[in-house]
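Chain by chain, the residues:
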Amino acid sequence: QVQLVESGGGLVQAGGSTRLSCAASARAFSTYVMAWFRQAPGKEREFVAVISRSGGSTVYADSVTGRFTISRDNPKNTVYLQMNSLKQEDTAVYYCAARNGFQLQRGPLEYDYWGQGTQVTVSA
């Protein structure tokens, strides 16, 4: 069983930056592919970014490419999402997710474990 706890976020002005963190309880954190998803009110949960077990490979949604960066620190059992040049449309609850295996999947159904989410609100 893996427990994920997100932190960071809050209220940010458009054009600003913030960093989300996700701490994992997993003993073998480096064996999990890690991802960030987000869900805005009235919308489905959508893929944001995913990172390989070693951190050497990443994939991003088109909407965040060039603005967001996913990274991980395996000795600290933590994955991060650096969010720059924020837009109002980035407002959502952001979720951290983990999956067994090695493929960098975009679909939420491919993930085995989820955090409780953290709110990011981007103001004008």
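Undergrad: So what's going on with the side chain of Ser 52? Which residues, and what values?
TA: Relative to the elements of secondary structure, Ser 52 occurs in the loop between strand S5 (46-51) and strand S6 (58-60). Classification of Ser 52 by relative accessible area gives buried; the value is 10%. Setting aside chain neighbours within four positions, we find Ser 52 in contact with Ser 57, Arg 72 and Leu 104.

Undergrad: Got a sec to walk through the side chain of Asn 77? Specific residues and values, please.
TA: Within the secondary structure, Asn 77 sits in the loop between strand S7 (68-73) and strand S8 (78-83). Asn 77 sits in the buried class, given a relative accessible area of 19%. Ignoring sequence-local partners within four residues, the contact set of Asn 77 consists of Cys 22, Ala 23, Ala 24, Ser 25, Ala 26 and Phe 29.

Undergrad: Kindly report on unusual backbone geometry, identifying the contributing residues and their values.
TA: With a phi close to 55°, Asn 77 is a non-glycine residue in the positive phi region. Unlike most non-glycine residues, Ser 85 shows phi in positive territory, near 50°.

Undergrad: Can you break down the pairing of strand S3 (residues 18-24) residue by residue, with the values?
TA: Of all seven residues making up S3, five are buried, and the element is well covered by its neighbours. Pairing geometry for strand S1 (residues 4-8) and S3, over five bridges, is antiparallel. Counted as the bridge partner of Val 5 is Ala 23 from S3. With six bridges joining them, S3 and S8 adopt antiparallel strand pairing. In the strand pairing of S8, Arg 19 is matched with Gln 82.

Conventions used here
- Residues numbered from 1 in each chain as written.
- Predicted model: local features only at pLDDT ≥ 70, side-chain atom pairs only at ≥ 80, totals over all residues.
- Heavy atoms only, no water.
- Helix = DSSP H or I, 4+ residues; strand = E, 2+ residues; numbered from the N terminus.
- Buried < 20%, exposed > 50% of the residue type's maximum accessible area, 1.4 Å probe, protein only.
- Contact = heavy atoms within 4.5 Å.
- Pairing = 2+ DSSP bridges.

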